[in-house]
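Residue-level structural notes
Listed below are the residues making up each chain.
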Amino acid sequence: QVQLVESGGGLVQAGGSLSLSCAASGRAFSTYQLGWFRQAPGRGRELVAAITDGDSINYAGSVKGRFTISRDNAKNTVYLQMNSLKPEDTAVYYCAARRLSINIAPDRPETWEYWGQGTQVTVSS
């Protein structure tokens, strides 16, 4: 079992930055893939970024070059640095985890095993 707790959401003006953190409890953190998803009102949950054991990273096209995902296995934490934020980035952001052995494209939310409670990010124009 893995418990995930996000922090760092809030309100920011367009062009600004926010940093999200997700602290995980449970064993064998390094054996999990980690991801950030988001869900805007009336829309499905979409992948923002995912990281495996550090060498493989995927970004949604809409955030590539603006967002950076990273992980610190010593702190059991995954981060999402968001720069040049746009109003369309407004959503609830969720941290997710799944075992490294799951070899399925990361953009399918149903393949992720553990989820945080979500944190709201609002970007004003």
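Summary of the structure given here. (Residues numbered from 1 in each chain as written. Predicted model: local features only at pLDDT ≥ 70, side-chain atom pairs only at ≥ 80, totals over all residues. Heavy atoms only, no water.)

So, about the sheet that holds strand 7 (residues 67-72). Reading across the sheet, the 4 strands line up as 1-3-8-7 and stay open at both edges, with antiparallel pairing between neighbours. Among the strands making up the open sheet, the edge pair consists of strand 1 (3-7) and strand 7. Within the sheet, the average angular offset between the axes of one strand and its neighbour, ignoring direction, is 15°. The pairing of strand 7 with strand 8 (residues 77-82) spans 6 bridges and is classified as antiparallel. The residue bridging F67 from the neighbouring strand is M82, located in strand 8. (Pairing = 2+ DSSP bridges. Helix = DSSP H or I, 4+ residues; strand = E, 2+ residues; numbered from the N terminus. Axes fitted to C-alpha atoms, helices over the stretch in contact; angles between N-to-C directions.)

In this section: the state of the cysteines. Summed over the entire model, instances satisfying the criterion amount to 1 disulfide. Disulfide partner of C22: C95, at an S-S distance of 2.2 Å. Of note, the bridge from C22 to C95 carries an S-S torsion of about -85° and is left-handed in sense. Highlighted residues: C22 in strand 3 (residues 18-25) and C95 in strand 9 (residues 91-99), separated in sequence by 73 residues. Both residues of the pair, C22 and C95, count as buried. (Disulfide = S-S within 2.5 Å. Buried < 20%, exposed > 50% of the residue type's maximum accessible area, 1.4 Å probe, protein only.)

Another aspect to go through is unusual backbone geometry. Backbone geometry places N76, a non-glycine residue, at a positive phi of 55°. Take N76: it is sitting in the loop between strand 7 and strand 8. Even without glycine at this site, S84 takes up a positive phi of about 50°. Within the secondary structure layout, S84 lies in the loop between strand 8 and strand 9. You can call S84 partly exposed: its relative accessible area is 40%.

Now for the pairing of strand 4 (residues 32-39). For strand 4, the buried fraction is high: 7 of the 8 residues fall into the buried class. For strand 4 and strand 9, the ladder comprises 8 bridges, and the chain directions are antiparallel. Note that in strand 9 the partner of G35 across the bridge is A96. Inspection of the sheet shows strand 4 paired to strand 5 (residues 46-51) by 5 bridges, in the antiparallel sense. Across the sheet, F37 pairs through a bridge with L47, a residue of strand 5. Taken together, strand 4 and the strand that follows it, strand 5, pair antiparallel across an intervening segment of 6 residues, in which G42 is found at a positive phi of about 80°.

These figures come from the coordinates and say nothing about function on their own.
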